[in-house]
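# Breakdown of the fold
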Amino acid sequence: QVQLVESGGGLVQPGGSLRLSCAASGSAFSINAMGWYRQAPGKQRELVAVITSGGSTNYADSVKGRFTISRDNAKNTVYLQMNSLKPEDTAVYYCNAGGHLYSGYVPYYWGQGTQVTVSS
């Protein structure tokens, strides 16, 4: 069982930065990766970034060069640093814990979500 608590969402102007945090508690050996999804109303849910237990990362093409996923093992926390934000980044962002499998990343546990709004 894993519990995830997100923070850091809010309103930011275009070109600004925001850092999302996801604090994890509990554990499961089936978990070997953490990720961030986002979903805007009327849009399909999108996998934004993944970080594995080994430290490798993957990003959606739409955020490469702007977003960075990282982890602090001592705090059991995963971060999403979001720079050069655009209005199209506006969405609810969901932290999750899952498995990085041969078939790809599979989310098992979800946070409540945090709203990110990029607007002037």
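Structural notes, computed from the coordinates. Quick caveat, the model's predicted, so the values are computed rather than measured.

## Quick notes on the nonpolar core
- Counting residues in each nonpolar core, the largest one holds 26 residues, and the members touching the most others are Met 34, Trp 36, Val 48, Phe 67, Leu 80, Met 82 and Tyr 93.
- Sort the elements by how many residues they give to this core and strand 9 (residues 91–101) lands first, with four residues.

## Details of the state of the cysteines
- A complete count under the given rule lists one disulfide for this structure.
- Here Cys 22 pairs with Cys 95 through a disulfide, and the sulfurs are 2.0 Å apart. Because the sign of the S-S torsion sets the handedness, a value of about -75° for the bond joining Cys 22 and Cys 95 places this disulfide among the left-handed ones. Residue Cys 22 is found in strand 3 (residues 18–26), and its partner Cys 95 is found in strand 9; the two are separated by 73 residues along the sequence. For the residue pair Cys 22 and Cys 95, the accessibility class agrees, reading buried in each case.

## A word on the side chain of Asn 96
- Along the chain, the position of Asn 96 falls in strand 9.
- What Asn 96 contacts, discounting residues up to four positions off in sequence, is Leu 4, Met 34, Gly 35, Trp 36, Tyr 37, Tyr 105, Pro 107, Tyr 109 and Trp 110.

## Focus on unusual backbone geometry
- One non-glycine residue with positive phi stands out, namely Asn 76, at about 50°.
- Along the chain, Asn 76 falls in the loop between strand 7 (67–72) and strand 8 (77–82).
- By relative accessible area, Asn 76 is classed as partly exposed at 48%.
- Its identity is not glycine, yet Ser 84 carries a phi of approximately 50°, on the positive side.
- Structurally, Ser 84 can be placed in the loop between strand 8 and strand 9.

## Let's talk about the environment of Asp 89
- Its location among the elements puts Asp 89 in the loop between strand 8 and strand 9.
- In the structure, Asp 89 is positioned 17 residues away from Val 106 in sequence and 22 Å away in space, judged by C-alpha atoms.
- The contacts of Asp 89, once residues within four sequence positions are left out, are Arg 38, Arg 66, Phe 67, Ser 84, Val 116 and Val 118.

Reading guide: rules and limits
- Residues numbered from 1 in each chain as written.
- Predicted model: local features only at pLDDT ≥ 70, side-chain atom pairs only at ≥ 80, totals over all residues.
- Heavy atoms only, no water.
- Core = buried A, V, L, I, M, F, W, Y, C linked by side-chain atoms within 4.5 Å.
- Buried < 20%, exposed > 50% of the residue type's maximum accessible area, 1.4 Å probe, protein only.
- Helix = DSSP H or I, 4+ residues; strand = E, 2+ residues; numbered from the N terminus.
- Disulfide = S-S within 2.5 Å.
- Contact = heavy atoms within 4.5 Å.

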